[in-house]
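Summary of the model geometry
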Amino acid sequence: MSKQMTFALACLVVLSAVVPGVAGYLSARLEAIEAAERNLRALETRLDLREARDARPVSFPAPCLRTPPGPHLQQVPATALGHGKHWPHDVPSWLPGLLKQVQDAMEH
């Protein structure tokens, strides 16, 4: 036999083993994917049933109202700034004067 014929027969023998193996592998993978999809659908159905069973209607005695806006910086009373309190020793000495200037600026 010639070398070309020997090579062709060797390729046919390899392909005759590889093709069915690849086909079996792919079909097994597709079956695994289909089984996973079936399991997922079953779990989704069970979850939907559980949510429907546990769902309770919610009713509010009064309609929800918007919360009032919080106070702005200018609406804060001067007592919130800490005037009349004793300053701790670790506070810089210039800080009370600065707060007084800020308060005076806000009043004008």
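The structure this text deals with has already been given above.
Residues numbered from 1 in each chain as written. Predicted model: local features only at pLDDT ≥ 70, side-chain atom pairs only at ≥ 80, totals over all residues. Heavy atoms only, no water.

Things to note about the pattern of salt bridges
- Under the defined criterion, the tally for this structure stands at one salt bridge.
- The salt bridge involving K100 is made with D104; its shortest N-O contact spans 3.5 Å. In this pair, K100 and D104 both sit in helix α2 (residues 95-107), four residues apart, roughly one turn of the helix.
- Overall, K100 belongs to the partly exposed group, its relative accessible area being 42%.
- Of the residues examined, D104 reaches a relative accessible area of 29% and is grouped as partly exposed. (Salt bridge = Lys/Arg side-chain N within 4 Å of Asp/Glu carboxyl O. Helix = DSSP H or I, 4+ residues; strand = E, 2+ residues; numbered from the N terminus. Buried < 20%, exposed > 50% of the residue type's maximum accessible area, 1.4 Å probe, protein only.)

Some thoughts on a nonpolar patch on the surface
- A surface patch of nonpolar side chains, amounting to about 460 Å² of accessible area, comprises V14, V18, V22, Y25 and L26.
- With respect to the element layout, L26 can be found in helix α1 (residues 3-54). (Patch = residues over 30% accessible without salt bridge, like charges linked within 9 Å, V, L, I, M, F, W, Y side chains within 5 Å. Areas by Shrake-Rupley, 256 points an atom, 1.4 Å probe, with all protein chains shown as cover.)

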